[in-house]
Amino acid sequence: MMQQLRNPKNVKMISLFVAAIFVLSCFAITLQQGSFSGIASAASSESAIGVVNYQMLLSQSPDLASVEEAMKQEIATQQKNFDEKSQNMNDTEKQRYYQQLQEVIANREKELMEPVFQKIEAAIKKVADKKGLAVVVEKNTVIYGGLDITDEVAKTLQSGK
């Protein structure tokens, strides 16, 4: 019996037999786990992905004009503060004060833009729910596929509903 196992032909046959059993068992486990049905469901759910051009929605937002006007006023106010308070400062103090005012302006812009972003996201969610979309991503990140809902979201934003 040991001599038969040492025979190179028999070793090859046994190795092939073990490899075949391994491959078949891996295939059976894969079928049992449902991987192939997962691939099919992923292909069918491709239509459940929406895309939007967020920059376009932001630029067309009806609230953006009021934010821009408020930011112009804020910048003018901070410029006036800088001009008045920095007259007696040296260059280092001026630079430090300027940076502080830049932070104030940036925080104000964030504060003013937050409601705009929330309205856009609410409109995206509304259209996505209406269309039965599970995911909506930025259009610039998608190479192929997805349902473009940018125009419908823009209409929703314009109507204010």
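A brief look at the structure comes next. In every chain, residue numbers begin from 1 and rise along the written sequence. With pLDDT at 70 or above as the cut-off, local features in this predicted model cover only qualifying residues; side-chain atom pairs require 80 or more to be listed or tallied, and sums for whole chains, interfaces and linings still use all residues. Values shown for side chains rest on all heavy atoms present in the structure; no hydrogens or waters enter the calculation.

What follows concerns the sheet that holds strand β1 (residues 49–52). What makes two strands pair is DSSP finding at least two bridges between them. Only DSSP runs of H or I covering at least 4 residues are called helices, and only runs of E covering at least 2 are called strands; the numbering of each starts at the N terminus. With respect to topology, 3 strands assemble into an open sheet ordered β2-β1-β3, the strand pairing being parallel. Each edge of the open sheet carries a strand with a single partner, namely β2 (135–138) and β3 (147–148). Pairing of β1 with β2, which is carried by 4 bridges, proceeds in the parallel orientation. Looking at β2, one finds that Val51 is bridged to Val137.

All right, on to the packing of helix α6 (residues 91–131) against helix α7 (residues 150–159) then. Between α6 and α7, the shortest axis-to-axis distance is 9 Å and the interhelical angle comes to 125°. When the interaxial angle is binned, α6 and α7 end up oblique. For the pair α6 and α7, the sense of crossing is right-handed. Contacts from Lys119, Ile120, Ala123, Ile124, Lys126, Val127, Lys130 and Lys131 in α6 reach Glu152, Val153, Thr156 and Leu157 in α7. Only C-alpha atoms enter the line fits that serve as axes; for helices the fit covers just the stretch in contact. Angles between N-to-C directions range over 0 to 180 degrees. With respect to orientation, any angle under 35 degrees is reported as roughly parallel, any angle over 145 as roughly antiparallel, any angle of 65 to 115 as roughly perpendicular, and every other angle as oblique. Crossings are assigned a handedness: left-handed for a near helix turned anticlockwise from the far helix by less than a right angle, right-handed for a clockwise turn. Contacts were defined at the residue level, with two residues in contact if any of their heavy atoms lie within 4.5 Å.

To continue, consider the environment of Gly160. Relative to the helices and strands, Gly160 resides in the segment after α7. On the accessibility criterion, Gly160 (65% relative accessible area) is exposed. Along the chain, Gly160 and Pro62 lie 98 residues apart, while their C-alpha atoms are 9.0 Å from each other. With a 1.4 Å probe rolled over the protein chains alone, any residue whose accessible area is under 20% of its type maximum counts as buried; one over 50% counts as exposed, and the rest are partly exposed.

In this structure, β1 lies alongside β3, joined through 2 bridges in parallel fashion. Bridging from a neighbouring strand, Val51 pairs with Asp148 of β3.

A side chain of one charge can pair with a side chain of the opposite charge when the charged atoms of the two come close. Counted as salt bridges are all cases of a side-chain nitrogen of Lys or Arg within 4 Å of a carboxyl oxygen of Asp or Glu. The final tally for this structure, using the stated rule, is 6 salt bridges. Between Lys125 and Asp129 there is a salt bridge, and its shortest N-O distance comes to 2.9 Å. Taken together, the residues span about one helical turn, with Lys125 and Asp129 both in helix α6 at a distance of 4 residues. Under the relative-accessibility criterion, Lys125 is labelled exposed at 51%. Asp148 is paired through a salt bridge with Lys139; the nearest N and O atoms lie 2.7 Å apart.

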